[in-house]
Amino acid sequence: MSNRTLLILLVLVSYVFSPTVFTWLINPAGAWYRPFILWLLLILLAVVVQMRRNTSEL
């Protein structure tokens, strides 16, 4: 799958699930660290993408 197709698929999936995730994050009965889970996942995704890059691209 090309990068463009993967990006479009990722945007569509995030658009579909964003209301559910947002509701889960702002639930007052939830744990205090819930918003930080999303940020941790985004940081880990960025690290994985950077590690997969070829060193010649730098």
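Owing to the predicted nature of the structure, the values given are computational and were not obtained by experimental measurement.

Undergrad: Teacher, can you tell me more about the overall build of the chain here?
TA: Helix and strand counts for the chain stand at two helices and zero strands. Residue burial in the chain is summarised as follows: out of 58 residues, 3% are buried. For the chain, the accessible surface area stands at approximately 5700 Å², while carbon and sulfur atoms represent 73% of it.

Undergrad: For this particular structure, what's the right way to read the packing of aromatic side chains?
TA: For any pair of aromatic rings, the description rests on two quantities: the centre-to-centre distance and the angle between the ring planes. Under the counting rule described, the total for this entry stands at two aromatic pairs. A centroid spacing of 6.2 Å and a plane angle of 65° characterise the contact between W32 and F36, whose relative ring orientation is edge-to-face. Pair check on accessibility: W32 and F36 agree, each one exposed. Among the aromatic residues, ring-to-ring pairing joins W32, Y33 and F36 into one connected group.

Undergrad: Any chance you could explain the side chain of R34 here in plain terms?
TA: Considering the arrangement of structural elements, one finds R34 in helix α2 (residues 34-52). Discounting chain neighbours no more than four positions away, the residues touching R34 are W24, L25 and N27.

Undergrad: Which parts of the structure should I look at to understand helix α1 (residues 3-26)?
TA: Think of an α-helix as 3.6 residues a turn; residues three or four steps apart then line up on the same face. Under the 1.5 Å per step criterion, the end-to-end length of α1 is 32 Å for 24 residues, consistent within 8% with the ideal 34 Å. Residue F17 marks the point of greatest curvature in α1, where the axis turns by about 50°; the proline P19 follows within four residues.

Rules used in this analysis
- Residues numbered from 1 in each chain as written.
- Predicted model: local features only at pLDDT ≥ 70, side-chain atom pairs only at ≥ 80, totals over all residues.
- Heavy atoms only, no water.
- Helix = DSSP H or I, 4+ residues; strand = E, 2+ residues; numbered from the N terminus.
- Buried < 20%, exposed > 50% of the residue type's maximum accessible area, 1.4 Å probe, protein only.
- Areas by Shrake-Rupley, 256 points an atom, 1.4 Å probe, with all protein chains shown as cover.
- Phe/Tyr/Trp six-rings, centres within 6.5 Å; stacked < 30°, edge-to-face > 60°.
- Contact = heavy atoms within 4.5 Å.
- Expected span 1.5 Å × (residues − 1).
- Bend = angle between axes of the 7 residues up to and from the residue.

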